[in-house]
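Single-letter residue listing:
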Amino acid sequence: MVEPDEKRVIIIGGGPAGLTAAYELCKANVASVVLEKDSIMGGLSRTVSYKGYHFDIGGHRFFTKVKAVDDLWREVLPNGDFLRRKRLSRIYYNNRFLHYPLRFSSALFHIGLLNALLILASYLRAQLFPRKHVETFEHWVTNRFGRRFYQLFFKTYTEKVWGIPCAEITADWAAQRIKDLSLASTLRNLLFKQREKNKGTIIKTLIEEFDYPRRGPGMMWERMGALVAERGGTVRLKTRLQSIEWSAGRVERIIVNSDGKREAVNGSHFISSMPISELVRSLDPPAPSAVQTAAEKLNYRDFITVVLIVNRSDIFPDNWIYIHDPDVKMGRIQNFKNWSPYMVADPAKTCLGLEYFCFEGDRLWMMSDAELIELGKLEIEKVCLVKATEVEDGVVVRVPKAYPVYDHTYKQSLTVIRSFLSPLENLQLVGRNGMHKYNNQDHSMLTAMLAVKNILGASYDLWEVNTEQEHIEEAGEEARQYKLLASTQPPVPERVQALRQTALESKI
């Protein structure tokens, strides 16, 4: 076995996964270099500042069932830097605001008794005659909630987020993101809320409290990056990967561009959290055409935050509001002041984040910042929250490849790519985009922690980590920390082996 001080790990990407890997490697006295193309650390979990106002790219709650991740959070940031926040979120539906999670009196009042009865009848029908072959998001949700509830509370918002019909989103996404939630659990939440709380039943989608850093999640990643640097690791910003040079069974080195200069970076091990499609395109020699085609078929949903500074101290009490109205383009509104009072420069004002989901290059993405701010002002007034004249300033942040899309082709494409990459014994993929897997930040971190353990001699299967991976208490043995036995990599078909050999021979 190679001793720790003989290893040098190159980490592509300075988001939660990449920084966690570097931090864990520092503890093991293993040299690491983090390469981040942006000028700021944290990836999608970074905090952006504008004239003293701080805001998330989305909202990032700090809640996890994974004890090792929670322990790491407390280790990096003192408890004094965390605020315990009460969750309040509502759904804007049919010109009204419904609490989410639903509250019995509020839901009944807003949707009406007739609608409630139709929801119940639809649910009973789904339970008596469930769809046997569940392939799409629509099938999965309808089976668990009934068609009426699906149409009212899932369809419009989900299609706004993903930009494709629910019938084209695979059931995998629903199973991963809302697997513990059903109409039965929702009704229990409505009717027996306190009893379920006392029994310790927590559905991650329905948690009522969470922790949050005083000045946003960026505090975590800035501090973690600083600790890595203090402990001998290296974090390089504004460093863009150009190519990954590989040979049979190994990544040899990577080529980066920093300050306009081309540079080779060598290492014994490589961890990548960059989008897996971009990784494939970076391979030198190039991946075979079949693998490149698979990479091109992986789709992403892009993201725009339109931040509005409003000349009012209080607007609404929610942390965020889901917008189920198909007549406005925004999908969600964040009230960053309600996440933390330290997020605003002036307590007499409010900072709102209007979230728009789009595809890079589409009409929304190509709008100018000024046009997007005007759109935001128009839509925030349309949902009766703020008058456009109360908005005194704004700023726009665009994030490409924010969410990996689970369409009908993604799984097959991912299998082809994984099969091709799996023999590269010193390359591991981690994080949301690195694995094209819609993980939350805690599970992205978990993939990185396990990747480090693999470098130190373990053999965890990182692909077994998902958004609800259960954690069991630490009990001495590494393998007992997680229910992640070292399982097999995906099989490598003979055809893929032949393609890989052809790629290598073409380099020669």
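The rules behind these values
Residues numbered from 1 in each chain as written. Predicted model: local features only at pLDDT ≥ 70, side-chain atom pairs only at ≥ 80, totals over all residues. Heavy atoms only, no water. Helix = DSSP H or I, 4+ residues; strand = E, 2+ residues; numbered from the N terminus. Contact = heavy atoms within 4.5 Å. Phe/Tyr/Trp six-rings, centres within 6.5 Å; stacked < 30°, edge-to-face > 60°. Buried < 20%, exposed > 50% of the residue type's maximum accessible area, 1.4 Å probe, protein only. Lys NZ or Arg CZ within 6 Å of the ring centre and 35° of its normal. Pairing = 2+ DSSP bridges. Axes fitted to C-alpha atoms, helices over the stretch in contact; angles between N-to-C directions.

**Here we look at the side chain of H436**
Then, in step 1: Relative to the elements of secondary structure, H436 occurs in the loop between α16 (432-435) and α17 (441-455).
Then, in step 2: Apart from residues no more than four positions distant in its own chain, H436 is found in contact with I276, L298, N299, Y300, P404, V405, Y406, Y410 and L414.

**Re the packing of aromatic side chains**
The geometry of two aromatic rings is summed up by the distance between their centres and the angle between their planes.
Then, in step 1: Using the criterion set out here, one finds 26 aromatic pairs in the structure.
Then, in step 2: Look at Y93 and F153: their rings are 5.5 Å apart centre to centre, the planes differ by 45 degrees, and that puts the pair in the tilted class. Taken together, the residues span a long stretch of sequence, with Y93 in strand β6 (residues 89-93) and F153 in helix α5 (residues 147-162) at a distance of 60 residues.
Then, in step 3: Ring plane angle 45 degrees and centroid distance 6.0 Å describe the contact between F357 and Y403, whose orientation is recorded as tilted. Taken together, the residues F357 in strand β18 (residues 350-358) and Y403 in strand β19 (residues 391-404) connect sequence positions 46 residues apart. Neither F357 nor Y403 differs from the other in exposure class; each is buried.
Then, in step 4: Here the aromatic cluster, defined as three or more aromatic residues joined through ring pairs, consists of Y93, F137, F145, F149, F153, F154, W162, W173, F303, F357, Y403 and Y438.
Then, in step 5: The ring of F82 carries the charged tip of R74 above its face, separated from the ring centre by 4.6 Å.
Then, in step 6: Across from the ring centre of Y342, 5.4 Å away, lies the NZ or CZ of R214, which sits over that ring.

**Comments concerning the sheet that holds strand β13 (residues 269-272)**
Then, in step 1: The strand order β9-β2-β1-β13-β20 describes an open sheet built from five strands, whose pairing is parallel. What marks the edges here is a single partner per strand, and that holds for β9 (234-236) and β20 (427-429). Neighbour-to-neighbour, the strand axes of the sheet open up by a mean angle of 15 degrees, direction not taken into account.
Then, in step 2: Of the strand pairs in this sheet, strand β2 (residues 31-35) and β9 are connected by three bridges, and their pairing is parallel. Across the sheet, L35 pairs through a bridge with R236, a residue of β9.
Then, in step 3: Packed onto the sheet, helix α1 (residues 16-27) meets β1 (8-12), β2 and β13 and runs at close to 165 degrees relative to β1.

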